[in-house]
Amino acid sequence: MQTHQYDVVIVGAGGAGMRAALESSKEARTAVISKLYPTRSHTGAAQGGMAAALANVEDDNWEWHTFDTVKGGDYLVDQDAAEILAKEAIESVLDLERMGLPFNRTPEGKIDQRRFGGHTRDHGQSAVRRACYAADRTGHMILQTLYQNCVKQDVEFFNEFYVLDLITDHDLTTEEIADGEEVNATGVVAYDLATGEIHVFQAKAIIFATGGAGKIFKTTSNAHTLTGDGMALAYRRGLPLEDMEFFQFHPTGLAGLGILLSEAARGEGGILRNSEGERFMERYAPTIKDLAPRDIVARSMANEVREGRGAGPNKDYVLLDLTHLEPAHIDAKLPDITEFARTYLGIEPYTEPVPVYPTAHYAMGGVPTNIQGEVLRDGVNVVKGLYAAGEVACVSVHGSNRLGTNSLLDINVFGKRSGRAAAAYAKTAEFHDLPADPTVRVVEQLDEMRNRPDGERVADIRKALQDTMDLNAQVFRTGDSLNQALADIRELQKRYRNASVQDKGKLFNTDLLEAIELGFLLDIAEVTVVAAINRKESRGGHYREDFPHRDDANYMLHTMAYRRPTAASDQAEGHVEGYFDHVEEFDGYKVVLGSKPVVQTRYEPMERKY
Amino acid sequence: MTATLEAATPTPAAGEIPSFTVTLRIRRFNPEVSEEATWEDFTVEAHGTDRILDALHKIKWDEDGSLTFRRSCAHGVCGSDAMRINGRNRLACKTLLKDVNPDKPITVEPIKGLPVVKDLVVDMEPFFASYREIMPFLITSGNEPSKERYQSPEDRAKFDDTTKCILCAACTSSCPVFWTDGQYFGPAAIVNAHRFIFDSRDEGGTQRLEILNDKEGVWRCRTTFNCTEACPRGIEVTKAIQEVKRAMITRAF
């Protein structure tokens, strides 16, 4: 075992983690721990752009952007946070340009901007050009630029280190902690993939920037490595997860594969058509049509297929038509995604429409934070020294449905904020003592998994999980389908306790780590489904066919899910009789749901029409 | 519920490639077991659009969990899974089985010139060390502008190709000069230097050209074009290296 001490430890080296590192490493001794090599993180797969009301090509302002974000999130957005996001967007884009990011340019040399779903002029009048972009590899450019600047600033990295536990000075899973009592995060435990050695990192401040959990689904745009690690670690240590029922299904995944085709394809003029060649979005969103927010477009596509207007031999997808665009325009603005269509489906987008279907894309929910990135341990109190930013976090700027281009923005705005806040806190704070044996839980968990003789295959359990999530908790959900998913997950949790690995070695044992990651996936899927069962309304990305309308009177609240011992109280903060009072018993623990108010400042909830 | 799952037609659609069996001949190495690397054959069932990565996953998930390789995004943008497939460097997630003659065993080896850690995993540190040496970041002087720096679309286009690099090392580890001399910066580092040398906003070109004028620098390139062929992002690597050479001659420093 090795022990390290840093003022700030950042877990994750994607956009949020590296943006935070660029701030904190200037002020405090900082380490970035990542389970991947730098530049491998999934920020690099983001394509279309990063929203900011620069008004470089047409009239725009941050207030319109705030409104679009709030409306896009179906009014579950915390409006103070959305205002920060939209205001600080402008400086965030300029930061990146000054760091060297090669944005596409207007004829006069300014950062060019394009249209994207749900971003509008003057509160919904028409689509507005707000997305700053670099061809269809904006995320790649952001990840590269941030890493380049980390090299410039000599940021310290621990590559291919898996963080497997969070250490706090109170046991939040069992202890009753008084309101206002100080709880501190004191360190993390990590596993070095190359050697199999355990490392303890003691830190004054810790930032979780571990990304999403798309691998709970089968059809997903997410990387194999997006297994919800940070969310699951916080949750297992007794911290709540917020709004986990809201998962975004991106409309245009390559059919059957789930590989992302950017919304920029529609921003540049692409049109969705059904088997009859009809531009069906005209029926669902008459004003902005194909550029409606993602939840609406994904549902409309799934509905076309369900009503028998799907294309292809099995009528199970719709078509993204780019054939009316000039090949030169496609090459200049959408080179990568058109290459995906050629490589993976053998389709030539110049002349043939591309088969597409919704793909699991983004977790709106996550570890709750305030606007400084500090992690909440309930509706009000923070864990001192613990921060979260990016997809792992729920600020909440995305509410129940994120707008395209707002995630690259989120990682920059809240990555920067949490990096600054963590460094400032570390300057004033002392190290807190670690427990006598901080690695005991991790060592036990790894040994048990490694030493278990022949058992269930990890891949079989994972596949069963992904299948039930795709079948029962996707674009359309019902009480029955969700209860089926929950029953399946219970069974899979049992089987997981009997899972074994074949590779028993120390060196680069990815077999072992895949097994550990499956444990994270099961816990995240479980809490996602429990929260979805409880929310008996339809809002943003969460659509219940048995409750097809939004119910502001009863559900205009964030869900807060806590994992607690069986003997603990059935009531969590924000308990609302009949609405946020759900308790689900499991083997050895239970999930208790409470709630948190939505922050509303300028905008009254309205019906969402586009 | 997804409608896709209900589809179960046995007849393949027009243009669809039916399932087939394929043998992967994989270079195995595990220092915990033996100092010797060996070849091992695995035969798996594959579908029409499956990639090498799908076949590797099938082996790892259903047959031999100890088979070790890196992967993440699985669609050619993260750069984790460069490997030598039938003697050519490619990304496993971007290479369809049907495109590499699945009638014969497909050989899969780690990329060359970097120390092998286990099976298909190599130590990437020497590769990243060369990358860091060419100062891969924008260098400017004077005060930061309050808004963005302007750049014409024409100037932006000059280095567009080299911004595509995903640092997968397919180019560098396909270079015969790099195989014999690990000190050579290699194509990827030069590509990333090119990305800044030809960026009109950058003022560090002279320093970078000096670094690459070193005896292990750009002049070691023998223009064999292996790198250009290997690049999964379609970057014209050899051309970029030539442009850097030309800049050295024309930009007297």
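Our focus in this paragraph is the overall build of chain A. Within chain A, the regular secondary structure consists of 16 helices and 23 strands. Taken over the C-alpha trace, chain A has a radius of gyration of 23 Å; the compact-globule value for 610 residues is 25 Å, and the two agree within 12%. For chain A, the spread of C-alpha atoms along the principal axes amounts to about 65 × 50 × 50 Å. Counting all 610 residues of chain A, 69% fall into the buried class. Counting only contacts in chain A whose residues sit at least 6 apart along the sequence, the fraction spanning at least 24 positions is 75%. When the accessible surface of chain A is split by element, carbon and sulfur atoms take 47% of a total near 18,200 Å². Taking the 66 positively charged and 92 negatively charged side chains of chain A as two groups, their mean positions are separated by 3 Å.

Before going further, it helps to spend a moment on the overall build of chain B. Per the secondary structure count, chain B includes eight helices and seven strands. Projecting the C-alpha coordinates of chain B onto the three principal axes gives extents of approximately 65 × 50 × 30 Å. Considering chain B as a whole, with its 253 residues, one finds that 55% of them fall into the buried category. For chain B, restricting intrachain contacts to residue pairs at least 6 apart in sequence, the fraction spanning at least 24 positions comes to 64%. When the accessible area of chain B is evaluated, it comes to approximately 10,700 Å², of which 50% is carbon and sulfur surface. If you average the places of the 33 positive and of the 37 negative side-chain charges in chain B, the two averages end up 4 Å apart.

With that settled, the discussion passes to the interface of chain A and chain B. Contacts between chain A and chain B engage 70 residues on the former and 74 residues on the latter. Regarding the contact of chain A and chain B, the summed buried area is about 6,200 Å², with carbon and sulfur atoms giving 51% of it. If you look at where chain A meets chain B, you find seven salt bridges. Glu97 of chain A is the partner of Arg201 of chain B in a salt bridge, and the nearest nitrogen-oxygen pair spans 2.9 Å. Linking chain A with chain B are 40 residue pairs in polar contact (both at pLDDT 80 or more), by the criterion used here. For the side of chain A that touches chain B, the secondary-structure elements that each account for two or more residues are helix H3 (79–99), helix H4 (138–152), helix H10 (335–345), helix H13 (458–472) and helix H15 (510–534) of chain A.

Another point: the side chain of Asp470 of chain A. Residues and elements named next belong to chain A. Summarising the element assignment, Asp470 is placed in helix H13. Summary of buried charges: Asp470 has no salt-bridge partner, and the nearest side chain of opposite charge, Lys218, is 5.5 Å away. A distance of 2.8 Å separates a polar atom in the side chain of Asp470 from a polar atom in the side chain of Thr219.

Okay, helix H8 (residues 237–250) of chain B next. All names here are of chain B. Along its 14 residues, H8 runs 20 Å from first to last C-alpha, staying within 8% of the 20 Å computed at 1.5 Å per residue. Those residues of H8 that sit buried are Val237, Thr238, Ala240, Ile241, Val244, Lys245, Ala247 and Met248. The inward-facing, buried residues of H8 contact helix H5 (187–197), helix H6 (205–212) and helix H7 (226–230).

Right, let's get into the side chain of Arg70 of chain B. On the secondary structure map, Arg70 of chain B appears in the loop between helix H1 (52–63) and strand E3 (82–85). Only 2.5 Å separates the side chain of Arg70 of chain B from the side chain of Glu160 of chain A, close enough to count as a polar contact. Within the structure, the side chain of Arg70 of chain B is placed 2.9 Å from the backbone oxygen of Val122 of chain B, a separation counted as a polar contact. Not counting residues within four places of it along the chain, the set of residues in contact with Arg70 of chain B comprises Tyr37, Glu160 and Phe508 of chain A together with Ser80, Asp81, Val121, Val122 and Met124 of chain B.

Glancing now at the pairing of strand E11 (residues 247–254) of chain A. Across a regular strand the side chains alternate sides, sitting on one face of the sheet and then on the other. Residues and elements named next belong to chain A. Within E11, eight of the eight residues are buried, leaving the element largely enclosed by the surrounding structure. As paired elements, E11 and strand E14 (residues 354–363) share six bridges and run antiparallel to each other. Residue Gln248 lies in a different strand from E14, and its bridge partner there is Tyr362.

Residues and elements named next belong to chain A. Put simply, helix H2 (residues 62–72) and H3 touch, their axes get as near as 8 Å, and they point 135 degrees apart. Classified by the angle between their axes, H2 and H3 sit oblique to one another. Crossing handedness for the pair H2 and H3: right-handed. Across the interface between the two elements, Trp62, His65, Thr66, Thr69 and Val70 from H2 touch Gln79, Ala82, Glu83, Leu85, Ala86, Lys87 and Ala89 from H3. Grouping the constituent residues of the contact of H2 with H3 by class yields six nonpolar, four polar and two charged.

Glancing now at the environment of Ala302 of chain A. All names here are of chain A. Tracing the backbone shows Ala302 in helix H8 (residues 294–306). Among the residues examined, Ala302 registers a relative accessible area of 4% and is labelled buried. Setting aside anything within four residues of it in sequence, one finds Ala302 in contact with Tyr357, Val475 and Phe476.

Moving on to the pattern of salt bridges. Residue and element names in this part refer to chain A. Under the definition given, this model contains 77 salt bridges over all chains. Two residues, Arg342 and Glu348, come together in a salt bridge whose shortest N-O distance is 2.8 Å. Judged by its relative accessible area of 28%, Arg342 falls in the partly exposed class. The partly exposed category is assigned to Glu348, whose relative accessible area is 22%. Connected through salt bridges with shared partners, the residues Asp74, Glu245, Asp295, Arg299, Arg535, Glu537, Arg539, Arg550, Asp552 and Arg608 form a single ionic network.

Our focus in this paragraph is the sheet that holds strand E5 (residues 126–132) of chain A. Residue and element names in this part refer to chain A. Spatially, three strands are ordered E3-E5-E4 in an open sheet, and the strand pairing comes out antiparallel. Taken across any chain shown, the strands that pair with only one partner, and hence form the sheet edges, are strand E3 (50–51) and strand E4 (113–121). In this sheet, E5 lies alongside E4 in antiparallel orientation, the contact comprising five bridges. Residue Gln113 lies in a different strand from E5, and its bridge partner there is Cys132.

Turning next to the confidence of the model for chain B. Per-residue confidence for chain B gives a mean pLDDT of 92, with 92% of residues at or over 70. For the stretch residues 1–14 of chain B, pLDDT sits under 50, and the model shows 15 contacts to residues farther than four places along the chain or on other chains.

Residues and elements named next belong to chain A. Among the seven residues that make up E5, five are buried, leaving the element largely enclosed by the rest of the structure. Judged from the two bridges that link them, E3 and E5 form a sheet pairing that is antiparallel. Bridge pairing in E5 links Ala51 to Ala131. Taking the residues between adjacent antiparallel strands as the criterion, E4 and E5 are bridged by four residues, where Asp122 takes a positive phi near 50 degrees.

Residues and elements named next belong to chain A. Locating Arg563 in the fold gives a position in strand E21 (residues 557–565). Along the chain, Arg563 and Leu241 lie 322 residues apart, while their C-alpha atoms are 9.1 Å from each other. Each residue touching Arg563, except ones within four places of it in the same chain, is listed here: Tyr235, Arg236, Asp523, Tyr589 and Lys590. A distance of 3.4 Å separates the side chain of Arg563 from the side chain of Asp523, its partner in a polar contact.

Each turn of an α-helix holds 3.6 residues, which means side chains three or four residues apart point in the same direction. All names here are of chain A. Here H8 contains 13 residues, and its C-alpha end-to-end distance of 18 Å stays within 8% of the 18 Å for a straight helix at 1.5 Å per residue. H8 sits mainly inside the fold: twelve of its 13 residues count as buried. Of all the positions in H8, only Arg294, Asp295, Ile296, Val297, Ala298, Arg299, Ser300, Met301, Ala302, Asn303, Glu304 and Val305 are classed as buried.

Right, let's get into the packing of aromatic side chains. If you walk through the whole model with that rule in mind, you get 21 aromatic pairs over all chains. For the ring pair Tyr147 of chain A and Phe157 of chain A, a centre distance of 5.7 Å and an interplane angle of 65 degrees mean the geometry is edge-to-face. Linking Tyr147 of chain A in helix H4 with Phe157 of chain A in strand E6 (residues 156–159), this pair joins segments that are ten residues apart in sequence. Taking the relative accessible area as the measure of exposure, Tyr147 of chain A reaches 3% and is therefore buried. Arranged with centres 5.3 Å apart and planes meeting at 15 degrees, the rings of Phe586 of chain A and Tyr589 of chain A form a pair that is stacked. Tyr589 of chain A carries the same exposure label as Phe586 of chain A, and that label is buried. Put simply, the rings of Tyr37, Tyr147 and Phe157 of chain A together with Phe127, Phe128 and Tyr131 of chain B touch in pairs and so form one group of aromatic residues. Above the face of the Tyr610 of chain A ring, Lys71 of chain A is positioned so that its terminal group lies 4.2 Å from the ring centre. Here the basic side chain of Arg156 of chain B rests over the ring of Phe159 of chain B, its NZ or CZ set 5.6 Å away from the ring centre.

Our focus in this paragraph is a negative patch on the surface. Side chains of Asp169, Asp171, Glu175, Glu181 and Glu182 of chain A sit close together on the surface and give a patch of like negative charge. Note on placement: Glu182 of chain A falls in the loop between strand E7 (161–168) and strand E8 (185–192).

Analysis parameters
- Residues numbered from 1 in each chain as written.
- Chains lettered and ligands numbered in written order.
- Predicted model: local features only at pLDDT ≥ 70, side-chain atom pairs only at ≥ 80, totals over all residues.
- Heavy atoms only, no water.
- Helix = DSSP H or I, 4+ residues; strand = E, 2+ residues; numbered from the N terminus.
- Rg over C-alpha atoms; globule rule 2.2 N^0.38 Å.
- Buried < 20%, exposed > 50% of the residue type's maximum accessible area, 1.4 Å probe, protein only.
- Contact = heavy atoms within 4.5 Å.
- Areas by Shrake-Rupley, 256 points an atom, 1.4 Å probe, with all protein chains shown as cover.
- Lys, Arg positive; Asp, Glu negative; His and termini not counted.
- Charge placed at Lys NZ, Arg CZ, Asp CG, Glu CD.
- Buried area = accessible area lost by both parts, 1.4 Å probe.
- Salt bridge = Lys/Arg side-chain N within 4 Å of Asp/Glu carboxyl O.
- Polar contact = N/O pair within 3.5 Å; in protein donor to acceptor, adjacent residues only side chain to side chain.
- Expected span 1.5 Å × (residues − 1).
- Pairing = 2+ DSSP bridges.
- Axes fitted to C-alpha atoms, helices over the stretch in contact; angles between N-to-C directions.
- Parallel < 35°, antiparallel > 145°, perpendicular 65-115°, else oblique.
- Left-handed = near helix turned anticlockwise from the far one by under 90°.
- Nonpolar A, V, L, I, M, F, W, Y, C, P; charged D, E, K, R; others polar.
- pLDDT = per-residue confidence, 0-100.
- Phe/Tyr/Trp six-rings, centres within 6.5 Å; stacked < 30°, edge-to-face > 60°.
- Lys NZ or Arg CZ within 6 Å of the ring centre and 35° of its normal.
- Patch = residues over 30% accessible without salt bridge, like charges linked within 9 Å, V, L, I, M, F, W, Y side chains within 5 Å.

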